[in-house]
Amino acid sequence: MRNYLLITALIFFASCSHSKNITGNSNDQQLEKLVEIMTGRYSSEAQSETDTSYFNISLVMVPIWTNRTDGKWLYVEQAVANNMAKPFRQRVYHLQHLKGNIFTSDIFTIKNALKYAGVADNAAMQDSLNFDKIELKDGCTVTLMKTENVYIGGTESNKCPSGLRGAKYASTKITLTPGKLISWDQGFDADGKQVWGATKGGYIFIKKYK
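Residues numbered from 1 in each chain as written. Predicted model: local features only at pLDDT ≥ 70, side-chain atom pairs only at ≥ 80, totals over all residues. Heavy atoms only, no water.

Side note on the environment of Asp-191
Thought 1: Turning to its location among the elements, Asp-191 is positioned in the loop between strand S11 (180-188) and strand S12 (194-197).
Thought 2: Distance from Asp-191 to Lys-168, taken between C-alpha atoms, is 8.8 Å for residues 23 residues apart in sequence. (Helix = DSSP H or I, 4+ residues; strand = E, 2+ residues; numbered from the N terminus.)

Below is the structure:
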């Protein structure tokens, strides 16, 4: 409950300040540190072995468009471990340093996403992933607050639309530490009833390597 209240407060603050205080340029060391922690190849295999209600998921996050100076950009790919060639989620994250210990990640979908499956390991394919190939998921920005080496946050209330499996909106809660990411994605219908996503808690991703 304490973490939920913290997330709500920081997201409210961020939504009030987002357009005024962004300091996310290429020389921002705090932003560089966040990217360093996020970058890598993760797996939920250990969690899936102890609780079969969770799948063994591969998560890859790699920097792209490193010459841009408007914050940092990551390509993100998730796939079931036994079907890596067909990821079920591909996104581009735009990371910015809002103010102090608060960071934001705007979420973009990718047009014809499967065309870019495996782009993390293909430099030529990365060059073909242009800015005009992505679309902002309006209302789905993730806001993170840093306390020591822990980043906690998520999306704002019911502002992120979703049409998956009868959902009206989706929510994301994040806890990030060096070497571990806990991500809890859930979808809810118009009455606030959960219709997809984990019910016990977030997926626990352990970083295998960069």
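Regarding the pairing of strand S7 (residues 142-147)
Thought 1: Direction of pairing for strand S5 (residues 102-110) relative to S7: antiparallel, over a ladder of 4 bridges. Along S7, the bridge assignment pairs Ser-105 with Val-142.
Thought 2: In this sheet, strand S8 (residues 150-154) lies alongside S7 in antiparallel orientation, the contact comprising 5 bridges. Each bridged residue has a counterpart across the sheet, and for Thr-143 the counterpart in S8 is Gly-154.
Thought 3: Between S7 and S8, which pair antiparallel and follow one another directly, the connecting turn spans 2 residues, one of which, Glu-148, has a positive phi of 55 degrees. (Pairing = 2+ DSSP bridges.)

Quick look at the environment of Leu-164
Thought 1: Within the secondary structure, Leu-164 sits in the loop between strand S9 (160-161) and strand S10 (169-177).
Thought 2: The sequence separation of Leu-164 and Val-195 amounts to 31 residues, and the corresponding C-alpha distance is 8.6 Å.
Thought 3: With residues near it in sequence (within four places) discarded, Leu-164 still touches Val-195 and Trp-196. (Contact = heavy atoms within 4.5 Å.)

Description of the state of the cysteines
Thought 1: Taken as a whole and judged by the stated rule, the model has 1 disulfide.
Thought 2: Linked covalently through their sulfurs, Cys-140 and Cys-160 form a disulfide whose S-S length is 2.0 Å. Since a negative S-S torsion denotes a left-handed disulfide, the Cys-140-Cys-160 link at about 85 degrees is right-handed. Note that Cys-140 is positioned in the loop between strand S6 (134-136) and S7 and Cys-160 in strand S9, a separation of 20 residues in sequence. An identical accessibility class is assigned to Cys-140 and Cys-160; each is buried. (Disulfide = S-S within 2.5 Å. Buried < 20%, exposed > 50% of the residue type's maximum accessible area, 1.4 Å probe, protein only.)

A few points about the packing of aromatic side chains
Thought 1: For the coordinates displayed, the defined rule picks out 9 aromatic pairs.
Thought 2: Judged by centre distance (6.1 Å) and plane angle (25 degrees), the ring pair of Tyr-203 and Phe-205 falls under stacked. Both residues of the pair, Tyr-203 and Phe-205, count as buried.
Thought 3: Three or more aromatic residues link up through ring pairs in this structure, and these residues are Trp-65, Trp-73, Phe-108 and Phe-131.
Thought 4: Here Arg-68 stacks its cationic end above the ring of Phe-131, 4.7 Å away from the centre of that ring.
Thought 5: One residue, Lys-173, lies across the ring of Trp-184, its end atom 5.3 Å from the ring centre. (Phe/Tyr/Trp six-rings, centres within 6.5 Å; stacked < 30°, edge-to-face > 60°. Lys NZ or Arg CZ within 6 Å of the ring centre and 35° of its normal.)

Re helix H2 (residues 29-38)
Thought 1: Among the residues of H2, Leu-31, Leu-34, Val-35, Ile-37 and Met-38 are the ones counted as buried. In a view along the axis of H2, the buried residues occupy a sector of 160 degrees, so they form one face of it.
Thought 2: If you check the start of H2, you find a side-chain oxygen 3.0 Å away from the backbone N of Gln-30, and it comes from Asp-28.
Thought 3: A positive phi of about 150 degrees marks Gly-40, the residue just after H2. (Arc of directions from axis to C-beta. Polar contact = N/O pair within 3.5 Å; in protein donor to acceptor, adjacent residues only side chain to side chain.)

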